[in-house]
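If you want the building blocks of each chain, they are given just below.
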Amino acid sequence: MTKEELKIKLTELIPTATFDESGEWLNIVITPGDLLTSVEILRNKPELNFDYLFCQTCIDWKTHLTMVYHLESTTYRHQVVVKIQLDRNKPEIETVSHIWRTAEFHEREIYELFGVNFLNHPDLRILILPDGWEGKNPLRKDFEDPVNMIKL
Amino acid sequence: MYRETEILKQPGLGTPDVFGDMVINVGPQHPATHGVLHLVITLNGETIKKVDPHLGYIHRSIEKMCESLSFRQFIYVTSKMDYLSSHINNHGCCLCVEKGMQIEVPPRAQVIRVMMDELTRLASHQLWWGAGAMDIGALTPFFHAFREREMINDIMEESCGTRLTMNYMVPGGVMVDVHPNFQRRVKEFIAHFKKKIDEYDELLTGNVIFQNRVKGVGYLSKEDAISYGCTGPTARGSGVSCDIRKLFPYEVYSKLQFDEIIETGGDCWSRYLVRMKEMRQSLSIVEQLIDNIPEGDVQTKTKAVLKLPKGEYYSRVETARGEFGVYIVSEGGTTPYRIKFRSPGFSNLSALDHMARGGKIGDLVAIMAMIDLVIPDIDR
Amino acid sequence: MTDKFQSESTLAFPGEVHQTPSGGVLVSKLDDVINWARSNSLWPLVFGTSCCAIEMMSTAAAKYDWSRFGFEVARATPRQADVIIIAGTIVNKMAPVLKRLYDQMGDPKYVIAMGACATSGGPFFYNTYSVVKGADHVIPVDVYVAGCPPRPEALINSLMLLQQKIKKGLTREQIREESKLPTPLTGKEQEAFYK
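Parameters at a glance
Residues numbered from 1 in each chain as written. Chains lettered and ligands numbered in written order. Predicted model: local features only at pLDDT ≥ 70, side-chain atom pairs only at ≥ 80, totals over all residues. Contact = placed C-beta atoms within 7 Å. Helix = DSSP H or I, 4+ residues; strand = E, 2+ residues; numbered from the N terminus. Nonpolar A, V, L, I, M, F, W, Y, C, P; charged D, E, K, R; others polar. Pairing = 2+ DSSP bridges. Buried ≥ 20, exposed ≤ 12 C-beta atoms within 10 Å, placed from the backbone. Axes fitted to C-alpha atoms, helices over the stretch in contact; angles between N-to-C directions. Parallel < 35°, antiparallel > 145°, perpendicular 65-115°, else oblique. Left-handed = near helix turned anticlockwise from the far one by under 90°.

1. Examining the interface of chain C and chain B
Often, the extent of an interface is quoted as the loss of accessible area upon association of its parts.
Piece 1. Contact with chain C, which involves 27 residues of that partner, is made by 25 residues of chain B.
Piece 2. If you list the elements that add at least two residues to the side of chain C that touches chain B, you get α2 (52-60) and α3 (95-104) of chain C.
Piece 3. Looking at which element gives the most residues to the side of chain C that touches chain B, the answer is α2(C), with three residues.
Piece 4. Classifying every residue of the side of chain C that touches chain B gives 17 nonpolar, seven polar and three charged.

2. Describing the sheet that holds strand β3 (residues 38-44) of chain B
Piece 1. Pairing within the open sheet is antiparallel, and its four strands lie in the order β1-β2-β3-β4 (chain B). In this open sheet, the two strands that pair with only one neighbour each are β1 (6-7) and β4 (47-54) of chain B.

3. Digging into the pairing of strand β5 (residues 110-114) of chain C
The side chains of a regular strand alternate between the sheet's two faces.
All names here are of chain C.
Piece 1. With five of five residues buried, β5 lies mostly within the body of the structure.
Piece 2. Residue alternation in β5 divides its side chains into two sets, Tyr110, Ile112 and Met114 and Val111 and Ala113, and both sets are buried.
Piece 3. Examined bridge by bridge, strand β4 (residues 83-87) and β5 share five bridges and lie parallel to one another. Looking at β5, one finds that Ala87 is bridged to Met114.
Piece 4. Relative to strand β6 (residues 143-145), β5 is paired through three bridges, and the arrangement is parallel.

4. Let's talk about the packing of helix α5 (residues 182-205) of chain B against helix α10 (residues 268-290) of chain B
All names here are of chain B.
Piece 1. The N-to-C vectors of α5 and α10 enclose an angle of 165°; their axes lie 11 Å apart at closest approach. Looking at the two axes, α5 sits roughly antiparallel to α10. Judged by the twist between their axes, the crossing of α5 over α10 is left-handed. Counted together, Gln183, Val186, Lys187, Ile190, Phe193, Lys194, Ile197, Asp201 and Thr205 of α5 and Met276, Met279, Arg280, Leu283, Val286, Glu287 and Ile290 of α10 form the full contact between these two elements.
Piece 2. Split into classes, the residues belonging to the contact of α5 with α10 amount to nine nonpolar, two polar and five charged.

5. Quick notes on the interface of chain A and chain C
Piece 1. Contact residues are listed per partner, giving eight residues for chain A and eight residues for chain C.
Piece 2. For the side of chain A that touches chain C, the class distribution of residues is five nonpolar, one polar and two charged.

6. Topic: the sheet that holds strand β4 (residues 64-72) of chain A
Residues and elements named next belong to chain A.
Piece 1. Spatial ordering of the open sheet is given by β1-β2-β5-β4-β3, a layout of five strands whose pairing is mixed. Each of the sheet's edge strands pairs with one partner strand only, and the pair in question is β1 (18-20) and β3 (52-61). The sheet shows a mean angle of 25° between the axes of neighbouring strands, direction not considered.
Piece 2. Where β3 and β4 come together, nine bridges link them in antiparallel fashion. Across the sheet, Asp60 pairs through a bridge with Leu65, a residue of β4.

7. What to know about unusual backbone geometry
Piece 1. Here the amide bond leading from Asp107(C) into Pro108(C) is cis, since omega sits at -15°, within 30 degrees of zero.
Piece 2. For Pro108(C), the location among the structural elements is in the loop between α3 and β5.
Piece 3. Residue Pro149(C) follows Cys148(C) across a cis peptide bond; omega there is -5°.
Piece 4. Secondary-structure assignment places Pro149(C) in the loop between β6 and α5 (152-167).
Piece 5. Even without a glycine there, the phi angle at Glu251(B) is positive, about 50°.
Piece 6. Along the polypeptide, Glu251(B) turns up in the loop between α9 (244-247) and α10.
Piece 7. Positive phi values are uncommon outside glycine, yet Asn127(C) reaches one of about 65°.
Piece 8. For Asn127(C), the position within the fold is in the loop between α4 (115-120) and β6.

In structure tokens:
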């Protein structure tokens, strides 16, 4: 389906979403509370069938955090980008690892690098940073480490 | 970090019928993990019950570092991430920057880039073949594989400057033109390798011991492969069609004739066959291109300091291990605001637990050899 | 270091041969013979973290063969190894593991830091929070090899350099004195040097 057809289809299925069409793929912005229902629709509706989550990441805008999910369908070969805004002081969101198993590792990485708490994740612990890492999350913009980081 | 080997307490432990579960480390320093991978394995006898990978022993904080490098500089850090397909990683980054700045690449540069990519893919598969066979126990293929790999390294060294982490691609084309000897040497290599690849099949593919080690081991179904996000030969061995060169062609791939190799077995033997056939396909691509390099510039003129306009850009290429994605978020400055590298090994590794349960430790080694992990790619 | 490279004669067996009617008598110092034997059969430990490990594998393969010099048997366990070649970047999480491996090796043991990352942090020096800027912050290093990655010939050169140092009979502290990196010049000395 093309971007316009996807937009029409998704407007009727997820009424509370807003769209952003600058860029290569259609961007959907939804609220954190809508995540579970929207994700079920995206995965299970036969015309959409987004069964391949190829990139899950988080961006730190200095006032809030944004979770970004890149989805693709292996049958129709269309892509969509789902974006969710989170509060910077207490970022919490539901996990999607029961739908796409690849999210288990991606969410563990986001948990340790950005501090986002994923509810109902089967095994949320740190993955890449050393054991017993105390301190702030490294990929946030206000991370300072005068001992290790030598600034150019 | 370091788990002591222990025997887990279980009801009835100590009686003749109950054997305790043991937790052991396949540690960071190990000859069969390709790099530093720490696996904490829960075993019952020799049967694996759970595999838990501990990563981060080569986490060099590349994504944070790239936020302070310019758009020309960050490309060369990626060639140290998956160092066996370093050209292809650089290519992916250059495509992303070119997409943002709307730069056209001249045809000669496109053909050179594709040829370098395919030669790199061949070199990576050769090393996989040699090192994978060494893990399973056969030492001879290692020397055969490196003999051919040295020929490709010499070709690269003449044109690009170094043997392993070649920083050759720039946004807009390639850095310098290829050496005048390039065509002759590649033709000699093609003629030589066509005979050798049949020798590879003779050495290992028909070997009964190797087949028994690898057949029926590490089964991954098609739905699981898509759900775990596996790409590359790991997924193509399970029947998933995911070759970016065919689905979303970039550069001159749409004009070339080659097949996408898909096997439906789902076990390690299918992945092995996929890679062996891919080597032949890469060789045929290089053969199609070597006589038809168009004349012209090798680089479009761009400003010295690049500034990507505000927005988000994503580009995908097919490395020897799977789909590599580069996601750049730019605020209009000279350095990126956030870069995310979607590495193929990260998702392939998350399926390791699922594939290895119920097998033995020897099977685990065979599975890791056939997935072809490169750990710095996973930890970034 | 090519001006300090000794000639062929130091690679020969140490000692004097005196001809006698029924064969010959070889006179030598026990220390020299032991040093000669030790330097010609150094067994490296299989330890590669990142890209330099591929160049190490190329050195072990057929084109740039290192088993001509005696390094053929690459051991997987540190209890049986003599030399640890640190090929690749060391990060904060890996540093205790490296120290543990070094402690498990038996004396006399030697360390070669291969590549820019192990020498000083390499391309990952600035703006990283997790890289140890040089393996000599963790264990004492005997020979440094420059390059990113160094060519196989450079690695073989460094191994031969280590062999000569062992043959000369130096202790580990003396070896490290010889291969200390020079302190950078500052101030007036720097100006005078570059004049």
